[in-house]
Amino acid sequence: MTTKDGREIARTYEQRVLKALHKYGWLRTRDLAALIWMRANSRPRSGGFIPEPIVVEPSAWRMAQRTLARLRKADQLLWRQAPDGSTIYGLAEAGAHRLVCQGISATSGKDLVRRVSMSHYHHRRIANEVAILASLQGYRVASEREIAVGQWFGGSDGVADKLPDVIVRDGKDVVWVEIERSRRNKNDETALRAALAKLFAGTKHPLDVPDLPGGYRLKKVLFVCESAFIDRLMTDLEKHGWTKETIEHRILSIRLLYVTEGKFLLKPK
């Protein structure tokens, strides 16, 4: 059996970084370190997906730094400082071309990297972290970037006229993830309740699992949000006929004090 030399191994990791940036739009060092250099489960863990924070391994962090440095030197990456001081990386033209040569329809991420507002940054950052955690737990994911461009089973129109922020799936079973950072007004709350009703429509019993396009099944809707948001949502759903049992069966939540401060991938000490 032949052993890969160092240069071939380095090229393999560079390719994985470029593919990850194509999938997610942009990522930070810690995102790439966790996604590419930390061991993932071979199959989803029992008990379902719950995004529990993890600390990135120091060795994974160092490998990510080295690989990013090589790709920067080769002008295959774009980068800029994000609103919280982190550095985010996207595909430069040369990096996208390298993927195109491998048969992947990649394009430069210059617009994604350069047009990052504070609000958009934290929403995409958390969506990416949640998707990466799901990948490490052995699930398949559709990232926010993939969903935005229609590269998931719901296509560009979504399901029930709604797009999730992340899709986490175990075979055909789906967890639909929503990142909620803004306070909703009455009209927004009404629209959200209507969207949830549409997602779960068509079942004969409130505890049945509804079908989605492509033969997928909606197991849960997971909200990553502040406590006040999910409390208001549950109250609103109960007022409109959802029983506590139905809510518990359909809705999960990760409660954060402030969504912008939520962190699921932690830097090594």
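Residues numbered from 1 in each chain as written. Predicted model: local features only at pLDDT ≥ 70, side-chain atom pairs only at ≥ 80, totals over all residues. Heavy atoms only, no water.

S.K.: Can you walk me through the side chain of Glu146 in this structure?
M.R.: On the secondary structure map, Glu146 appears in helix α7 (residues 144-148). By relative accessible area, which is 14% here, Glu146 ends up buried. A distance of 2.7 Å separates the side chain of Glu146 from the side chain of Lys23, its partner in a polar contact. Aside from chain neighbours lying at most four places away, what touches Glu146 is Lys23, Val141, Gln151 and Trp152. (Helix = DSSP H or I, 4+ residues; strand = E, 2+ residues; numbered from the N terminus. Buried < 20%, exposed > 50% of the residue type's maximum accessible area, 1.4 Å probe, protein only. Polar contact = N/O pair within 3.5 Å; in protein donor to acceptor, adjacent residues only side chain to side chain. Contact = heavy atoms within 4.5 Å.)

S.K.: Honestly, empty space enclosed by the protein in this entry has me stumped. Any pointers?
M.R.: A water-sized probe, rolled over the atoms, reveals where empty space remains. Scanning the entire structure with this criterion turns up 1 cavity of 30 Å³ or more. Roughly 50 Å³ of volume is contained in the largest cavity. Going through the elements one at a time, α8 (186-199) and α9 (227-239) are the ones with two or more residues in the lining of the largest cavity. Counting residues per element, the lining of the largest cavity draws most heavily on α9, which supplies 4 residues. Of the residues assigned to the lining of the largest cavity, the class counts are 3 nonpolar, no polar and 4 charged. (1 Å grid on protein atoms, 1.4 Å probe; cavity = no way out; pocket = protein on both sides within 12 Å on 5 of 7 lines; lining within 4 Å. Points joined across faces, edges and corners; volume = space filled by probe spheres on them. Nonpolar A, V, L, I, M, F, W, Y, C, P; charged D, E, K, R; others polar.)

S.K.: Please explain the environment of Thr260 as it appears in this structure.
M.R.: Summarising the element assignment, Thr260 is placed in the loop between β9 (251-256) and β10 (265-266). When the C-alpha atoms of Thr260 and Asp84 are compared, they prove to be 9.9 Å apart, with 176 residues separating the residues in sequence. Apart from residues no more than four positions distant in its own chain, Thr260 is found in contact with His122, Arg125 and Arg181.

S.K.: Just to check I follow, could you spell out the pairing of strand β3 (residues 77-81) for this structure?
M.R.: On a regular strand, one side chain projects to one face of the sheet and the next to the other, so that they alternate. Looking at chain direction, β3 and strand β4 (residues 87-91) are connected through 5 bridges and run antiparallel. Note that in β4 the partner of Trp79 across the bridge is Tyr89. (Pairing = 2+ DSSP bridges.)

S.K.: Would you take a moment to explain helix α6 (residues 118-136) for this structure?
M.R.: Quick reminder: α-helices carry 3.6 residues per turn. Residues three or four places apart thus point the same way. Across its 19 residues, α6 extends 27 Å between first and last C-alpha, which sits within 8% of the 27 Å expected from 1.5 Å per residue. Where α6 terminates, the next one or two residues include Gly138, which has phi positive at roughly 95°. (Expected span 1.5 Å × (residues − 1).)

S.K.: Explanation requested: the layout of surface pockets in the structure shown.
M.R.: Reported here for the largest pocket is a volume of approximately 460 Å³. Together, 20 residues line the largest pocket, and Lys23, Leu35, Ser135, Arg140 and Val141 are the ones closest to its centre. Those elements giving two or more residues to the lining of the largest pocket turn out to be α1 (6-24), α2 (29-37), α6, β5 (140-142) and β6 (166-170). When residues in the lining of the largest pocket are grouped by element, the largest group, 5 residues, is from α1. By residue class, the composition of the lining of the largest pocket is 14 nonpolar, 1 polar and 5 charged. There is about 240 Å³ of room inside the second largest pocket. Lining the second largest pocket are 14 residues, with Gly47, Gly48, Phe49, Tyr139 and Val175 positioned closest to its centre.

S.K.: Mind showing me how you'd approach the environment of Trp61 here?
M.R.: Locating Trp61 in the fold gives a position in helix α3 (residues 58-73). Look at Trp61 and you get buried, because its relative accessible area is 15%. Between the C-alpha atoms of Trp61 and Lys267, which are 206 residues apart in sequence, the distance is 8.1 Å. When residues no more than four places from it in sequence are discounted, the contact partners of Trp61 are Thr29, Arg30, Ala33, Val56, Lys267 and Pro268.

S.K.: Help me out: how do you make sense of the packing of α8 against α9 in this one?
M.R.: The N-to-C vectors of α8 and α9 enclose an angle of 65°; their axes lie 11 Å apart at closest approach. Considered as vectors, α8 and α9 are oriented roughly perpendicular to each other. Relative to α9, the crossing made by α8 is right-handed. When α8 is examined against α9, the residues Glu189, Leu192, Arg193 and Leu196 are found in contact with a partner set consisting of Phe229, Arg232, Leu233, Asp236 and Leu237. Residues that form the contact of α8 with α9 fall into these classes: 5 nonpolar, no polar and 4 charged. (Axes fitted to C-alpha atoms, helices over the stretch in contact; angles between N-to-C directions. Parallel < 35°, antiparallel > 145°, perpendicular 65-115°, else oblique. Left-handed = near helix turned anticlockwise from the far one by under 90°.)

S.K.: Whenever I open this one, the sheet that holds strand β7 (residues 173-179) confuses me. Can you help?
M.R.: In a beta sheet, neighbouring strands are held together by backbone hydrogen bonds and run either parallel or antiparallel to one another. Spatial ordering of the open sheet is given by β5-β6-β7-β8-β9, a layout of 5 strands whose pairing is mixed. Edge positions in the sheet fall to β5 and β9, since each of these pairs with one other strand and no more. Strand-to-strand twist of the sheet, defined as the mean angle between neighbouring strand axes without regard to direction, takes the value 20°. One ladder, built from 5 bridges, connects β6 with β7; its direction is antiparallel. Directly across from Val168, in β7, lies its bridge partner Val175. The strands that α8 touches are β7, β8 (217-226) and β9; relative to β8, the one it contacts most, it runs at about 160°.

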